[in-house]
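Results of the structural survey
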Amino acid sequence: MPETSDPTETPVVQSTPSRRAFLRGAAVAVAVPAVAGALAACGNDHKSATPNAGTAPAGTPPGAAHADSDHSGGTMAPHPQGPANARAAADEMDRHHEAGIKSFPAATKGKGNLVMQPRMENGVKVYDLAAAKLMWEVAPGQMVEAWAYNGQVPGPQIRVKEGDRVRIDFTNNLEESSAIHFHGLQVPVAMDGVPFITQPPVKPGEKFVYEFTVPNAGSHMYHSHHNSSKQVPMGLLGAFIVEPRRGETHRADQDYVMILNDGPHGYTLNGKGFPATEPIVVNRGQKLRIRFMNEGMMIHPMHLHGMGMLVTHKDGYPQPQPWMCDTLNIAPGERWDVMVDAQNPGTWAFHCHILPHAEGPMGMFGMVTALIIK
Amino acid sequence: MPETSDPTETPVVQSTPSRRAFLRGAAVAVAVPAVAGALAACGNDHKSATPNAGTAPAGTPPGAAHADSDHSGGTMAPHPQGPANARAAADEMDRHHEAGIKSFPAATKGKGNLVMQPRMENGVKVYDLAAAKLMWEVAPGQMVEAWAYNGQVPGPQIRVKEGDRVRIDFTNNLEESSAIHFHGLQVPVAMDGVPFITQPPVKPGEKFVYEFTVPNAGSHMYHSHHNSSKQVPMGLLGAFIVEPRRGETHRADQDYVMILNDGPHGYTLNGKGFPATEPIVVNRGQKLRIRFMNEGMMIHPMHLHGMGMLVTHKDGYPQPQPWMCDTLNIAPGERWDVMVDAQNPGTWAFHCHILPHAEGPMGMFGMVTALIIK
Amino acid sequence: MPETSDPTETPVVQSTPSRRAFLRGAAVAVAVPAVAGALAACGNDHKSATPNAGTAPAGTPPGAAHADSDHSGGTMAPHPQGPANARAAADEMDRHHEAGIKSFPAATKGKGNLVMQPRMENGVKVYDLAAAKLMWEVAPGQMVEAWAYNGQVPGPQIRVKEGDRVRIDFTNNLEESSAIHFHGLQVPVAMDGVPFITQPPVKPGEKFVYEFTVPNAGSHMYHSHHNSSKQVPMGLLGAFIVEPRRGETHRADQDYVMILNDGPHGYTLNGKGFPATEPIVVNRGQKLRIRFMNEGMMIHPMHLHGMGMLVTHKDGYPQPQPWMCDTLNIAPGERWDVMVDAQNPGTWAFHCHILPHAEGPMGMFGMVTALIIK
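Heads up: these notes are all about the structure in this document. (Residues numbered from 1 in each chain as written. Chains lettered and ligands numbered in written order. Predicted model: local features only at pLDDT ≥ 70, side-chain atom pairs only at ≥ 80, totals over all residues. Heavy atoms only, no water.)

1. Details of the sheet that holds strand 12 (residues 280-282) of chain A
All names here are of chain A.
- Read from one edge to the other, the open sheet built from five strands follows the order 12-22-19-14-17, with strand pairing classed as mixed. Strands with a single pairing partner mark the edges of an open sheet, and in this sheet they are strand 12 and strand 17 (327-330). Averaged over all pairs of adjacent strands, the angle between their axes in this sheet comes to 15°, without regard to strand direction.
- When strand 14 (residues 300-304) meets strand 17, the two strands line up antiparallel, connected through four bridges. Note on strand 17: the bridge partner recorded for His303 is Thr327. (Pairing = 2+ DSSP bridges. Helix = DSSP H or I, 4+ residues; strand = E, 2+ residues; numbered from the N terminus. Axes fitted to C-alpha atoms, helices over the stretch in contact; angles between N-to-C directions.)

Below is the structure:
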């Protein structure tokens, strides 16, 4: 592999196709069942209520504000006696499910995990990160308070090469102290970001500069290490990808980072809950790398329909022998890299298999997206 | 291995030995401590209260309706002062424990996970599956509402060979829509069973036909993919085993499918909680395959006493190099195949090692069974 | 490797350096940022409130008795308007965080997991274990009721060699029955410790003798198997290390056993919560073995800062090919052995990455310790 600091050798998925483009694509690829295509095929007439309307976060099952739902899948109101009424209740439930899926990918304000271009200063890649409070649209119409780096949840994606010199210029505009830990990077201890052990806390309004030569390749993370059980779930986290100098062990046509989170924002993939999550769109025959990262408090066994995933790396280290699965259990703090060989065309559900993280009686929500193979 | 579509080349455990046969077997094998043998050896006189009497599901610790138990193991009422009274309280607790074990395997109405014989139609293996509501005896005397395929929880076990043509003729007799997803099978997307993405929902009283050539070998599952966080824990799930055309990588004398579940039915193994779970009975020297499948919402680290388990497959894919363990953590949606070399004779406890899933102050319950090596 | 029954060939970490020695060491090693060194460098003036004062267990976030904290990281009281007041509130929070870290490792009464020397009787290693109730100081000033073997939580560490003959002379001084299961050891079934299956329960005031030839090497455990979801979290557990006759596959300069627990004592490492946990102190260039064991009810993904861990064994069995990680997910009942190559000097945080198990708004607590590389 050529040696270069261009982080985009492998196309990095970072922009959601607009809803319009998504539907257009699906409409064209008529031979391939896709979301909109399926909708056309399966469609029922319905007056689609806006799913997830209201103020509950994405991890809240749709309708949870009204229904007495719980992790067992919630409770539907008992339907009146008789098959006709049962059918009407079933239709009503299905309308909610359909509306959610039909709106996918739903437009929301704000997008996180965008690859950040550094400033170059004397050969050093400089990243300015500022933490501040903001309101974040985690799913359509659902605004939550977030604490974010540079206005993004997750924070901007940092992509560098092994051996690069990097500087993180951190400004804390929060109302409490913070600090940044580079999770997985073997930095010198003074750059490790643990207040009172390796540095003083960064007080509100103050700055701290982290600088180091990037030591070890892999899928890593950066996040707050101060009052972390509050600051991380609120959004102070991001991907720190280090590309190996000798090239990746597995060539990818697309390289996708999927950060899992749970907590006050609900169940999210890259800061959004379904239907505001972004589909991954590849062409048939392409090789897709997915870098799973869990920044939450719970495991999330991610299940991909229709094909297997080849597990190649754990926490940035190559596995001695890659191995196949279709459901990968990802624990808090872990990163797993997988390769997907996109041979089976279609729109494939891709979700956490703890089902109450993905679907409720009013439809899919939270940790659900789709892999679309054209 | 000969090529045949007979799914019973390897004897598949599917029938619980009756309680009478179980006790008789144990009484004969006097040199081998077994449940009843141990009871004879350890027996205390006691008036055995029926364990788990009442209406709480199997996952509820025995006596939970009366005691203020919780996941920390519950609270026993403080015993009156003095060693004599302490001993009486200890004896009382032990009586409940003993009664539960002595009743194992307890007879209950209904049995799931029975291997289903297909109808053959022009070379196609046809499986008729109908979903309906019923009452299910999850442990002795404990009736729960279940939503079941063909009256079984788990649904009937489907066992086919790689390359077989199969048809699933699905009738929905529930009061809400449903659909069947073939979890782990690389089917064409139109057969993937996700309403509004790959097919319309199957309305109450309606039918849907799935048909495909079985693509990839391994321990797979089928389950509802509509309102799934309700429908799956209620019982709409089953094993879909695909035997490889070239034969299994590891020869087994017995092949046992163990489906884990949690939720409204409590903590269950193949739809039953201890003492209604079924023991696995093998002869010394035999090779036993266990196919673990988790259809619940929680991890369940299954621990086998007395010997190790060789992990051979994950989600139907062979591991590059099998590896040994005695406690295997199984996350929702995962399947793991293991081989057990039955060399250590005896009755071995086999249970989830999240202890509150297996034992409470009134005795063992939920995810507990035994491996009996004669 | 020479064949010997001396369990201390590899130095086994078992004594916490006193706080005085710890600070002295840190003060000398001025070139290496260590806890006290960092404090000197980062120090703020502060009146340090004793962290964790009160009676809540170690797993309770500091201040939880007063604040309405939860697993999302708790809630800080809203600070009065204005940047000066925000700064004052941030300073107040930081003072609590600093006080906790500055007190590490905090002295507490009682220490578990101490290697026990057996009595020798005719070539048999005899271990006398007695279970009794006591009060345990889980973190400074936090007394909890514990049920313990020989007054230790975890119980005394048993270290023997493959093929040794051992006898466990168990006396039950509790007010309820008990029994000892040797988790991971392939003992004859009569020694398996499951009341009413393999032995009668050991009544209050009674004894039971376990005796066997140690069958299989590895990191194993012993714990109660009667009313276990109560007795194990209360403290009836310990490490049972079996050194292979042919020597370990990976040479270690230090061999450290880390037992994870959760439940009524809070989140603990070897029976203590931060800041009463013990640091692991090694010299640069040394090889450290860590034997993780989970005796709790939850997973704990342990994350080591600054370097990777080579995973060598699962449940005492060698992995076919060791593999690297920095975050290792450990499920209840599992044991994982790892090797750490101590090349990166400094004081490295080492904690469960379920953040609410490690930090709250008042500072770090529970499952946190440090690896100090001098």
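2. What to know about the pattern of salt bridges
- A full pass over the atoms with the stated rule returns 84 salt bridges over all chains.
- A salt bridge links Asp315 of chain A to Arg335 of chain A, with the shortest nitrogen-to-oxygen separation between them at 3.5 Å. Here Arg335 of chain A lies in strand 18 (residues 335-341) and Asp315 of chain A lies in the loop between strand 15 (309-314) and strand 16 (317-325), a separation of 20 residues in the sequence. Judged on exposure class, the residue Asp315 of chain A and its partner Arg335 of chain A are both buried.
- One salt bridge in this structure joins Arg335 of chain C and Asp326 of chain B, with 2.8 Å as the shortest N-O distance. Placement of the pair is Arg335 of chain C in strand 18 (residues 335-341) and Asp326 of chain B in the loop between strand 16 (317-325) and strand 17 (327-330), with the two residues belonging to separate chains. Residue Arg335 of chain C shares its accessibility class with Asp326 of chain B, and that shared class is buried.
- Through salt bridges with shared partners, a single ionic network connects Arg159, Lys161, Glu243, Glu248, Asp255, Arg289, Arg291 and Asp337 of chain A. (Salt bridge = Lys/Arg side-chain N within 4 Å of Asp/Glu carboxyl O. Buried < 20%, exposed > 50% of the residue type's maximum accessible area, 1.4 Å probe, protein only.)

3. Quick look at the pairing of strand 9 (residues 237-243) of chain B
Residue and element names in this part refer to chain B.
- The buried count for strand 9 comes to seven of seven residues, which makes it a mostly enclosed element.
- Residues of strand 9 alternate between two faces, with Leu237, Ala239, Ile241 and Glu243 on one and Gly238, Phe240 and Val242 on the opposite face, all of them buried.
- Judged from the four bridges that link them, strand 4 (residues 158-161) and strand 9 form a sheet pairing that is parallel. Bridge pairing in strand 9 links Val160 to Val242.
- In this structure, strand 8 (residues 218-224) lies alongside strand 9, joined through six bridges in antiparallel fashion. Along strand 9, the bridge assignment pairs Ser219 with Ile241.

4. Things to note about the environment of Asn294 of chain C
Residues and elements named next belong to chain C.
- By the secondary structure assignment, Asn294 is in strand 13 (residues 287-294).
- In this structure the C-alpha to C-alpha distance between Asn294 and Gly333, which are 39 residues apart in sequence, comes to 5.5 Å.
- Not counting the four nearest positions on each side in its chain, Asn294 is found in contact with Met221, Leu260, Ile299, His300, Ile330, Ala331, Pro332, Gly333 and Glu334.
- Within the structure, Asn294 has its side chain in polar contact with the backbone oxygen of Ile330 (distance 2.9 Å). (Contact = heavy atoms within 4.5 Å. Polar contact = N/O pair within 3.5 Å; in protein donor to acceptor, adjacent residues only side chain to side chain.)

5. A look at the interface of chain A and chain C
- Every contact between the two is made by 49 residues of chain A and, on the other side, 52 residues of chain C.
- Buried surface at the junction of chain A and chain C, summed over both partners, amounts to about 3,900 Å²; 60% is from carbon and sulfur atoms.
- On the chain A side of the contact with chain C, Val189, Phe196 and Ile197 of chain A bury the most area, a combined 20% of that side's loss.
- Across the chain A-chain C interface, the total number found is four salt bridges.
- The interface formed by chain A and chain C includes 20 residue pairs in polar contact (both at pLDDT 80 or more).
- For the side of chain A that touches chain C, the secondary-structure elements that each account for two or more residues are strand 6 (180-183), helix 4 (228-231) and strand 16 of chain A.
- Taken together, the residues that form the side of chain A that touches chain C break down as 20 nonpolar, 18 polar and 11 charged. (Buried area = accessible area lost by both parts, 1.4 Å probe. Nonpolar A, V, L, I, M, F, W, Y, C, P; charged D, E, K, R; others polar.)

6. Describing the relation of the copies chain A and chain B
- Superposing chain A onto chain B takes a rotation of 120° plus a shift of 0.0 Å along the axis, which leaves an RMSD of 0.0 Å. The superposition operator between the copies reduces to a three-fold rotation axis.
- Interface residue correspondence from chain A to chain B reaches only 6%, placing this contact among heterologous pairings that use different surfaces. (Least-squares fit on C-alpha atoms with pLDDT ≥ 70 in both.)

7. A look at the relation of the copies chain A and chain C
- Taken as rigid bodies, chain A and chain C are interconverted by a rotation of 120° and an axial shift of 0.0 Å, the fit giving an RMSD of 0.0 Å.
- An asymmetric contact is evident, with only 6% of the interface residues of chain A recurring at the interface of chain C.

8. A closer look at the interface of chain A and chain B
- Across the boundary between the two partners, chain A contributes 51 residues, which contact 49 residues of chain B.
- Buried area between chain A and chain B, summed over both chains or domains, comes out near 3,900 Å², and the portion from carbon and sulfur atoms is 60%.
- In this assembly, chain A and chain B are joined by four salt bridges.
- In this structure, the salt-bridge partner of Lys203 of chain B is Asp91 of chain A, at a minimum N-O distance of 2.7 Å.
- Along the contact surface separating chain A from chain B lie 20 residue pairs in polar contact (both at pLDDT 80 or more).
- Of all the secondary-structure elements, those providing two or more residues to the side of chain A that touches chain B are helix 2 (35-42), helix 3 (83-102), strand 14, strand 16, strand 17, strand 19 (346-352) and strand 20 (359-360) of chain A.
- Ranked by the residues each element gives to the side of chain A that touches chain B, the list is headed by helix 3 of chain A, at nine residues.
- Tallied by class, the residues present in the side of chain A that touches chain B amount to 25 nonpolar, 20 polar and six charged.

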